[in-house]
Each structure stands twice: as C-alpha cells, then as structure tokens.
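So you can see what is in the structure, the chains are spelled out below.
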2 protein chains.
Amino acid sequence: MIRVVLAEDQAMVRGAFAQLLDLQPDVAVVGTAGDGDEALAAVALHRPDVLLTDIEMPGKSGLDVAQELVRRGDGTRVLIITTFARSGYLRRAMDAGVAGYVLKDAPIAELVSALRRVHAGERVVAPELAMAAWDSADPLTPRERELLREVTTGASNADIAARLHLAEGTVRNYLSTAMAKLGAKNRSEAANTARDRGWL
Amino acid sequence: MIRVVLAEDQAMVRGAFAQLLDLQPDVAVVGTAGDGDEALAAVALHRPDVLLTDIEMPGKSGLDVAQELVRRGDGTRVLIITTFARSGYLRRAMDAGVAGYVLKDAPIAELVSALRRVHAGERVVAPELAMAAWDSADPLTPRERELLREVTTGASNADIAARLHLAEGTVRNYLSTAMAKLGAKNRSEAANTARDRGWL
DNA sequence: ACCCCGGGATGACAAATGTCAGCTTGACTC
DNA sequence: GAGTCAAGCTGACATTTGTCATCCCGGGGT
C-alpha cells in the first residue's frame, strides 16, 4: 500500500485527484494540503511514503517543500506534479532531490504509474522534459533574480530602489546586465523570459 | 440523466473530473475536449444538456465557445469552471449568456451541485463573485485593450507600432490614456491590473 | 599575494517612454 | 445639423530607462 499526502492549491483539483488515487487498490491518500506549510505539517503528521505536490502554491512552493524535506533527511519521497514545462523548474526540482516530475498535461494513467515507480525507488521525469533539463542553466545572480521579480509587478526603478534599499542607478545596472544575459530588449521582456524558463 | 461535455486543457485534470462526474448516478460524460474548437465539435456531435468548460484554453477560450453556442441558439447550457476570480471574466460570461460560473477553488461537491442546478434551469454564480460583478466595468476601448495585450509580451512602442500599423506617438498616447484610466504609473502596471481584472 | 567575481555605487549620455495640446475623420445620437 | 466619441495623427517637452566606463569592498581560489 502506497501512503500518499497530496498538496495542491485548487480545492476542486485536489479533491478530484485524491478521490481518484484512493480508488487505486494499492494507493491510500492519508492527507491533503492546500499550500506548502500545510504540506510540511501533513507530512510530519502522517509520515507518508510519497508527497505528491504541485509547484505553484500560495506561500511555500512545492520546490521549497521538497528542499526542506530532503534537508531534514526525512524518508518521504517527493513527486512533483505541475502545469509548467519550464526547464528551470525541473532543474531546481532535480537539485532539490525530488524523485519524480510529471506534467498535468499528461493522462492520469501516467500519474498513477509515476507514483508506483517513485514508490519502488525509481526516478521518473516527464519524457517531454528529459532533454530540456540539459539545455540552458540559469545565468542570473540572486540579486538579478530579485530585481526581475520586482519588475514583474510593474515597479519602476525608483520603486525597486526604495524597496531594496539600493541606488536607482544600481537598479538600472543590474537590470541592464540581466537584459544582456537574457538577450532581452527591455526590462519586461527580460522578466518574461526569466519567468518562462522557471528562473524566478 | 444529465448528459455533459467537458472541456479543459490539462489532460490530467480533464480525466480526473470526467471520471468523478461519471461516478455520479445522474451524470453521464458523453464527450471531452482539450480546447475551444474541440469543445464546439463535441457539442455538435453529442448534443449534451450541459457544456462544462474552463476559460483559459489554447485557441478559442471557454467564453468564446459560450458566446458561439448562444449565438447559434443551440439548446446546450454552459457552465464555466475556472481558476480565476476575475470580475471581468464573470461579467463577460454573463454577457455571453452562460448558465453558471464556479471556481476551481471550491470543493468538488459544489461542482456537482452547480451542474444539477444548471440542468434544472437555474443560474449559478460562485458566491465569492456574486457581488464582484457589480463593481467596476471595463473602461478600456478595444484599441487600448489590444495595445495592452501587446505590452504583456514585453514589446516596445516601436514593436507595437509596427505590428499594428500605427505611428509610435499614437501608441504612446493610447497607452497613456489607458494608464490614466487604470491609475497605473507605467505600461507594465497598467497591463498587470487590466489582466488581473479580466479585461484582456 | 594576486585575481576574479558579486554586490554596490557614481556620473554622463543616449534612447525609450510618458504627457499635453491640438488637429482630422467617420460613425452614431439627439 | 450639432454634438459626442473612438480612432488616428503631429510636435514639443519632461521623465524614465538603458548603456558604459569606472570606482570601492570583501570573499574565494590558486
């Protein structure tokens, strides 16, 4: 019997997945969570074999949770299930030591089989992404990432400078180098490509 | 027996919802679709009582599909099921004549009950949104919307001018008035708030 | 000890963006 | 027929962004 905790922020999707998995004879959903912190709590409480988690959730992301569990040396294996075929997400997931990575675009059958394989100790990666992991590594420094995240909110240089206690010129400089690294013509384009590759 | 066609772009979510609904004694999922065009085809083929559809899908959106079905005078009732609590989406859905609007944040039970009520001829709107519909109407002209959509891609004034066959100054003017209407300090902020309210 | 790199800063300059006033034209309403 | 309004344009101006060269500091490497 595979004991699973399921973390996913959309209640309807969470409920549907939970019911379906529970219908499998060899799977038991022992707990569910709607965000990263609830996921950590549920794992601590139920000590499942596998944590099945989304990436984008309010508060702690699924990647944060995975990192935390691995750091703790907690025996729970993590299977990521996400909408996004972003190579940067996969890379970070791998670095965080997750056991599997499947896409919501795949049929449900793939989720169940991935779950079994992860439980059996295998590593599972969505075939569409197996290669993608190797293409481009994140060239951004932590500071540049931080600035780009501010840009996505529509903040001006002055706004960013104030929020991060920097000089306005410094903000321009960082964004300039980030734009160069990403081959973007302006701040928005830079922020967009960084987001699309999962680097934010 | 309520005959349903289900349109949702993420295969895993689509599969899960389909299986769950089929478990209900009074519901039969007679067809599924992964985008708007498939949804129209499936409705034409199966003539279901209710089309249950997501909004954001590749190609035609769920709102486009609803509009088309109502225009045709086709008897199928439309129940929208979406992630986004954007008041603009709800307003457009109402204008398009949909029979119901539920959020993926709600529990699955709500989906099933909404489905039954829509089939019975009632109108169902997610309670979180019932009020929201009345707050702010879209103040943007079609042209301004179009320009803001370009802005979300990170295009410069020159890019937009070229793509839409406009003078660069005209682009600046339109964005300027859009920014004023939306109370935004710059183009990105304007694009963000317009998107968040479902006006794009 | 030396060099490189990330973080932080300055100043100057060029280019892009935002603001304003004012003009035309073609619909649509009253 | 006058008025209104979206769409489109121009030109002048102020402000914001982007680019570059150049500087300082501190922590790793070798």
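Rules used throughout
Residues numbered from 1 in each chain as written. Chains lettered and ligands numbered in written order. Predicted model: local features only at pLDDT ≥ 70, side-chain atom pairs only at ≥ 80, totals over all residues. Heavy atoms only, no water. Helix = DSSP H or I, 4+ residues; strand = E, 2+ residues; numbered from the N terminus. Buried < 20%, exposed > 50% of the residue type's maximum accessible area, 1.4 Å probe, protein only. Contact = heavy atoms within 4.5 Å. Areas by Shrake-Rupley, 256 points an atom, 1.4 Å probe, with all protein chains shown as cover. Lys, Arg positive; Asp, Glu negative; His and termini not counted. Charge placed at Lys NZ, Arg CZ, Asp CG, Glu CD. Pairing = 2+ DSSP bridges. Buried area = accessible area lost by both parts, 1.4 Å probe. Salt bridge = Lys/Arg side-chain N within 4 Å of Asp/Glu carboxyl O. Polar contact = N/O pair within 3.5 Å; in protein donor to acceptor, adjacent residues only side chain to side chain. Nonpolar A, V, L, I, M, F, W, Y, C, P; charged D, E, K, R; others polar. Least-squares fit on C-alpha atoms with pLDDT ≥ 70 in both. Axes fitted to C-alpha atoms, helices over the stretch in contact; angles between N-to-C directions. Parallel < 35°, antiparallel > 145°, perpendicular 65-115°, else oblique. Left-handed = near helix turned anticlockwise from the far one by under 90°. Near = heavy atom within 4 Å. Phe/Tyr/Trp six-rings, centres within 6.5 Å; stacked < 30°, edge-to-face > 60°. Lys NZ or Arg CZ within 6 Å of the ring centre and 35° of its normal.

In the nomenclature of an unreviewed UniProt entry, chain A is known as Two-component system, NarL family, response regulator DesR of Lentzea fradiae.

(A) Fine view of the overall build of chain A. Helix and strand counts for chain A stand at 10 helices and six strands. Along the first, second and third principal axes, the C-alpha set of chain A runs to 60 × 35 × 30 Å. Counting over 200 residues, chain A shows a buried share of 50%. Intrachain contacts of chain A at a sequence separation of at least 6 include 65% that bridge at least 24 residues. With the model as given, the accessible surface of chain A reaches about 8,700 Å², and the carbon-plus-sulfur share is 52%. Where the 24 positive side-chain charges of chain A centre and where its 27 negative ones centre are 4 Å apart.

(B) The sheet that holds strand S2 (residues 27–33) of chain A, seen in detail. Residue and element names in this part refer to chain A. If you trace the six strands from one edge of the open sheet to the other, you get S2-S1-S3-S4-S5-S6, paired in parallel fashion. Across the chains shown, the open sheet's two edge strands, defined by having one partner strand only, are S2 and strand S6 (124–125). One ladder, built from four bridges, connects strand S4 (residues 77–82) with strand S5 (residues 100–103); its direction is parallel. Directly across from Leu79, in S5, lies its bridge partner Gly100.

(C) Expanded view of the interface of chain B and chain A. Across the boundary between the two partners, chain B contributes 31 residues, which contact 31 residues of chain A. In total, chain B and chain A occlude about 2,300 Å² of area from one another, counting both sides; carbon and sulfur atoms represent 60% of this. At the surface where chain B touches chain A, the tally comes to two salt bridges. Seen at the junction of chain B and chain A, the total is 14 residue pairs in polar contact (both at pLDDT 80 or more). Among the elements of the structure, helix H1 (11–23), helix H5 (108–119) and helix H10 (187–196) of chain B are those that each provide at least two residues to the side of chain B that touches chain A. Per-element tally for the side of chain B that touches chain A: the top contributor is H1(B), with nine residues. Its residues assigned to classes, the side of chain B that touches chain A shows 14 nonpolar, 11 polar and six charged.

(D) Representation of the relation of the copies chain B and chain A in the model. With an RMSD of 0.1 Å, the operation that places chain B on chain A is a rotation of 180 degrees combined with a shift of 0.1 Å along the axis. Seen this way, the second copy is the image of the first under a two-fold rotation axis. The C-alpha atom lying nearest the rotation axis in chain B is that of Ala16(B); the distance is 2.9 Å. A high fraction, 100%, of the interface residues of chain B reappear at the interface in chain A, so the copies pair face to face through one surface.

(E) Quick peek at the packing of helix H1 (residues 11–23) of chain A against H1(B). At their nearest, the axes of H1(A) and H1(B) sit 9 Å apart, and the two run at 70 degrees to each other. On the basis of their axis angle, the class for H1(A) and H1(B) is roughly perpendicular. Considering how the two elements wind past one another, H1(A) and H1(B) form a crossing that is left-handed. The segment H1(A) lies against H1(B), with Met12(A), Val13(A), Ala16(A), Phe17(A), Gln19(A), Leu20(A) and Leu23(A) engaging Met12(B), Val13(B), Ala16(B), Phe17(B), Gln19(B), Leu20(B) and Leu23(B). Classifying every residue of the contact of H1(A) with H1(B) by side-chain character gives 12 nonpolar, two polar and no charged.

(F) Quick peek at H10(B). Turning to H10(B), its buried residues are Ser188(B), Glu189(B), Ala190(B), Ala191(B), Asn192(B) and Ala194(B). Where the residues of H10(B) are buried, they touch helix H7 (142–152) and helix H10 (187–196) of chain A together with helix H7 (142–152) and helix H9 (168–182) of chain B. For H10(B), the capping residue at the N-terminal end is Asn186(B), with a side-chain oxygen 3.1 Å from the backbone nitrogen of Ser188(B). Remark: Gly198(B) follows H10(B) within two positions and exhibits a positive phi of approximately 80 degrees.

(G) Structural context of the protein's contact with DNA strand D. Around DNA strand D sit 17 residues, and of these Arg172(A), Arg187(A), Thr141(B), Arg143(B) and Tyr174(B) come closest. Take the atoms of DNA strand D that sit within 4 Å of the protein: sugar and phosphate atoms are 59% of them. Measuring from a base nitrogen of DNA strand D, one finds a side-chain N or O atom of Arg172(A) at 3.1 Å. Within the contact set of DNA strand D, a phosphate oxygen lies 3.0 Å away from a side-chain nitrogen or oxygen of Thr170(B).

(H) Quick peek at the protein's contact with DNA strand C. Neighbouring DNA strand C are 17 residues, the closest being Thr141(A), Arg143(A), Tyr174(A), Arg172(B) and Arg187(B). Of what DNA strand C places within 4 Å of the protein, 61% of the atoms are sugar or phosphate. The contact in question runs from a base nitrogen of DNA strand C to an N or O atom on the side chain of Asn173(B), over 2.8 Å. Only H7 and helix H9 (168–182) of chain A together with H9 of chain B provide two or more residues apiece to the surface near DNA strand C. Across the surface near DNA strand C, the residue classes break down as five nonpolar, eight polar and four charged.

(I) Main features of the packing of aromatic side chains. Residues and elements named next belong to chain A. Applying the stated criterion to the full structure yields two aromatic pairs over all chains. For the ring pair Phe84 and Tyr89, a centre distance of 6.2 Å and an interplane angle of 80 degrees mean the geometry is edge-to-face. Looking at Phe84, the relative accessible area reads 22%, which means it is partly exposed. Given the relative accessible area of 8%, Tyr89 is considered buried. Lying over the aromatic face of Phe84, Arg86 brings its terminal NZ or CZ to 4.3 Å of the ring centre.

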